[in-house]
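So the chains spell out like this:
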Amino acid sequence: MPTVHIEANEKDIAKTVLMPGDPKRAEYIAKKYLHNARLVNLTRGITAYTGSYKGKEITVFPSGMGMPSAGIYSYELFKFYRVDNIIRIGTCGSFNPNVKVLDTLLVDKSYTEGNFAMAVNNRDVHLMEANFELNSLIEKVSIALNAPVVKGNI
């Protein structure tokens, strides 16, 4: 069911969504890693693609800029497109000398000085916690693939 922000039909969006911020990064990921990637959204320049990766249907859907935009797209994908999970992917910097360029981070908690965490949690907090089950699964896969992750807060 299309929304004001997403023109795709429900069947066009996979149950698993990778969510970079930048629409150009979404396009790059889709074209480089997805088999038979097809454009499923172009509304407001948010270029989303659905294709398959190792036989599993995946959608790459950018969040746009900032938490409000990510909140809108995440909400609509969960509520109207019934996705099962959204995995935020992207780049960042670090003040931690133990984090090296190209390291993969597995985030436990995310800190913000904004009020987005309060809006989501309905509590006066500045931390949003990751999904423990999903993080556990990611950690098990990283160990099995010998692809280490750096765990911590952002």
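A brief look at the structure comes next. (Residues numbered from 1 in each chain as written. Predicted model: local features only at pLDDT ≥ 70, side-chain atom pairs only at ≥ 80, totals over all residues. Heavy atoms only, no water.)

Looking at the side chain of S63
Now for step 1: Along the polypeptide, S63 turns up in the loop between β4 (56–60) and α2 (66–81).
Now for step 2: On the accessibility criterion, S63 (2% relative accessible area) is buried.
Now for step 3: For S63, the contacting residues outside a window of four places in its chain are M19, P20, G21, S69, A70, Y73 and R88. (Helix = DSSP H or I, 4+ residues; strand = E, 2+ residues; numbered from the N terminus. Buried < 20%, exposed > 50% of the residue type's maximum accessible area, 1.4 Å probe, protein only. Contact = heavy atoms within 4.5 Å.)

Thoughts on the environment of K24
Now for step 1: Mapped onto the secondary structure, K24 falls in helix α1 (residues 23–33).
Now for step 2: It is 22 Å that separates the C-alpha atoms of K24 and V83, two residues lying 59 residues apart in sequence.

Quick notes on the pattern of salt bridges
Now for step 1: Taken as a whole and judged by the stated rule, the model has six salt bridges.
Now for step 2: A salt bridge links E10 to R82, with the shortest nitrogen-to-oxygen separation between them at 3.3 Å. Here R82 lies in the loop between α2 and β5 (85–88) and E10 lies in the segment before β1 (16–19), a separation of 72 residues in the sequence.
Now for step 3: In this structure, K151 engages E139 in a salt bridge whose closest nitrogen and oxygen atoms are separated by 3.4 Å. Highlighted residues: K151 in strand β9 (residues 150–152) and E139 in helix α4 (residues 132–144), separated in sequence by 12 residues.
Now for step 4: Overall, E139 belongs to the partly exposed group, its relative accessible area being 27%.
Now for step 5: Among the charged side chains, a salt-bridge network with shared partners connects K24, E27 and K31. (Salt bridge = Lys/Arg side-chain N within 4 Å of Asp/Glu carboxyl O.)

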